[in-house]
Amino acid sequence: MHCYRSALLRFAEDGSAVYDEDGLLVTAPDAAGVQRVVAAGPWNVLGRQYAEGVPVTHWPGRIIAPGFVDLHIHYPQTDVIGSPAGGLLPWLETYTFPHEARFADPQHAAAVARFFLDELARNGVTSALVFGTSHPCAVDALMQEAGARRLRLIAGKVLQDRHSPDGVRDDTEQGLLDTEALIERWHGRGRLGYAITPRFAPTSTPRQLAGAGEIAARHPDVWIQSHVAENLDEIRWARELFPDSRSYLGIYDDFGLLRHRAIYAHCIHVDDADRALMRERGAAAAVSPTSNLFLGSGFFDYASADRVGMAYGLASDVGGGTSFSPFRTMLAAYCVGREGQTKPGISLTPEQLWWQHTAGAARALGLAGTVGNLQPGCEADFVVLNPAATPLLARRTRAATSVAELLFAMIVLGDDRLVERTFIA
Ligand code: GUN
Ligand code: ZN
């Protein structure tokens, strides 16, 4: 058993933040050797019950918080961050596809996978839903390394059998066979999970999307990830290629790719019928604000998502996204919420932003109560934050008069310097 004493942040069932100025987190290994939360709460209530005669790790002035969950990130795009282009499609052609072609080399893939996982940890991200490339060996490299680190990580081989250059384009049937083999090899091995990963509708033939849907039906607990309604040119292209579907999102539904555990990045240019379809199917959106701002894609409409009941969580979308840091992502999400030219501007609260990147993202993945929180039973993935990590952070957090003010100061001013340690269960 381990006892950790410091300030402690976690979330109630309704998404509200629970904060103990002087808290105690108690963890113990389960039968599989995974550390789980036994108790979390105020030191003056739990200290006697759990910490008497037991060594206690005490971090004065620090905050224990749930590890962050990144709902959508491309590990092969680590070296694509900050590549400017005239929007999504030129960015894919000019930078992304050439970079991804290099992942046919397993040694290159393994080296980038190690750097990528180090970077997640430095930024306090303990779980992620990750795109590989079309090369199965690139998924093997990531899974191997994530398994060695005992991470709860979900990843998949990209399916893209058309409108893609040599070096990243896969063969229709071979891509599906590789997907099946990777599910067998990695899904449910330790804490790892697999996601069926059609890149987006324009780069898969109807046959490949149909095959992906058949695999998804055979493996209902395997995840699905793709992109939808990010950019106006992309949407026009998708509609041309699939004129019989009601909408871009409707293409995925027509091929059986909308269901529980399906996560669609962006969902910017959607209508209420699309939002309702996401809700009915139990799918969720990965909101990727730094990417959407960098590529000029548009602004996710939070108020409409809430009005219709479409689920969502936060994502970096590196390398369209500009940062691995959940603090940068939460700040960008706040700014996207405020944007008031294309939709009414709203002010997301710091508790909402933080929840969307932890417990809310976990819920979108169907992993509520497993990761993204520090309630009893959760796997003990957590971060230790130093709210005095920089002079300005110290000054601003010291002056906070409420939990909301404290969280907001960290969201606006924070980055990897705020994350002192990252614990993996
Ligand atoms: N749409 C298809 N592929 C991609 C990608 O790699 N990044 C983003 N942001 N959108 C995509
Ligand atoms: Zn993406």
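Small disclaimer: the values here were computed from a predicted structure and weren't measured. (Residues numbered from 1 in each chain as written. Chains lettered and ligands numbered in written order. Predicted model: local features only at pLDDT ≥ 70, side-chain atom pairs only at ≥ 80, totals over all residues. Heavy atoms only, no water.)

*Asks:* Please provide a residue-by-residue account of empty space enclosed by the protein, values included.
*Replies:* Counting across every chain of the model gives one cavity of 30 Å³ or more. Forming the walls of the largest cavity are 13 residues, and the residues nearest its centre are Leu-88, Trp-91, Leu-92, His-227 and Glu-230. With three residues, helix 2 (residues 88-101) is the largest single contributor of residues to the lining of the largest cavity. When grouped by side-chain class, the residues that make up the lining of the largest cavity number five nonpolar, five polar and three charged. (1 Å grid on protein atoms, 1.4 Å probe; cavity = no way out; pocket = protein on both sides within 12 Å on 5 of 7 lines; lining within 4 Å. Points joined across faces, edges and corners; volume = space filled by probe spheres on them. Helix = DSSP H or I, 4+ residues; strand = E, 2+ residues; numbered from the N terminus. Nonpolar A, V, L, I, M, F, W, Y, C, P; charged D, E, K, R; others polar.)

*Asks:* Can you break down the environment of Gly-369 residue by residue, with the values?
*Replies:* Of note, Gly-369 is situated in the loop between helix 14 (359-364) and strand 14 (382-385). Sequence separation between Gly-369 and Glu-13 is 356 residues; the distance between their C-alpha atoms is 9.4 Å. Beyond its immediate chain neighbours, meaning those up to four positions away, Gly-369 contacts Gly-377 and Cys-378. (Contact = heavy atoms within 4.5 Å.)

*Asks:* Quick one: what's the story with the domain arrangement of the chain, residue by residue and with numbers?
*Replies:* In terms of domains, the chain is made up of domain 1 (2-66 + 373-423) and domain 2 (68-364). Here the C-alpha centre of domain 2 lies 29 Å away from the C-alpha centre of domain 1. Domain 1 puts 25 residues into the contact, and the matching count from domain 2 is 24 residues. Carbon and sulfur atoms make up 65% of the surface buried where domain 1 meets domain 2, a total of about 2,200 Å² over both sides. It is Phe-11, Phe-408 and Ile-411 that lose the most area in domain 1 upon contact with domain 2, and together they represent 26% of the buried surface on that side. Across the domain 1-domain 2 interface, the total number found is six residue pairs in polar contact (both at pLDDT 80 or more). Elements supplying a minimum of two residues to the side of domain 1 that touches domain 2: strand 1 (2-11), strand 14, helix 16 (403-413) and strand 15 (419-423). Sort the elements by how many residues they give to the side of domain 1 that touches domain 2 and helix 16 lands first, with six residues. Partitioning the side of domain 1 that touches domain 2 into residue classes produces 16 nonpolar, five polar and four charged. (Domains from an automatic or database assignment. Buried area = accessible area lost by both parts, 1.4 Å probe. Polar contact = N/O pair within 3.5 Å; in protein donor to acceptor, adjacent residues only side chain to side chain.)

*Asks:* So what about the nonpolar core? Which residues, and what values?
*Replies:* One finds Tyr-75, Leu-153 and Trp-354 to be the most contacted residues of the largest nonpolar core, which totals 99 residues. If you count residues domain by domain, this core takes at least three from each of domain 1 (2-66 + 373-423) and domain 2 (68-364). Residue contacts for Trp-354: discarding those within four places in its chain leaves Leu-9, Phe-11, Phe-68, Phe-327, Met-330, Leu-385, Leu-407, Met-410 and Ile-411. (Core = buried A, V, L, I, M, F, W, Y, C linked by side-chain atoms within 4.5 Å. Buried < 20%, exposed > 50% of the residue type's maximum accessible area, 1.4 Å probe, protein only.)

*Asks:* Please set out the UniProt feature "domain: Amidohydrolase-related" (unreviewed entry) in the chain residue by residue, giving values where relevant.
*Replies:* The UniProt record annotates "domain: Amidohydrolase-related" (unreviewed entry) at residues 63-407. The span residues 63-407 is 44% helical and 16% strand by assignment, and the distance between its end C-alpha atoms comes to 11 Å. (UniProt positions renumbered as here; feature names shortened; annotations may be inferred.)

*Asks:* Tell me about the pattern of salt bridges, and name the residues and values.
*Replies:* If you walk through the whole model with that rule in mind, you get 30 salt bridges. Notably, a salt bridge pairs Glu-339 with Lys-343, separated by 3.5 Å at the nearest N-O pair. Relative accessible area serves as the criterion here: at 8%, Lys-343 is assigned to the buried category. Salt-bridge contacts for Arg-417 lead to Asp-415; the nearest nitrogen and oxygen are separated by 2.8 Å. Residue classification places Asp-415 among the buried residues on the basis of a relative accessible area of 7%. Connected through salt bridges with shared partners, the residues Asp-30, Arg-36, Arg-152, Arg-191, Glu-379 and Asp-381 form a single ionic network. (Salt bridge = Lys/Arg side-chain N within 4 Å of Asp/Glu carboxyl O.)

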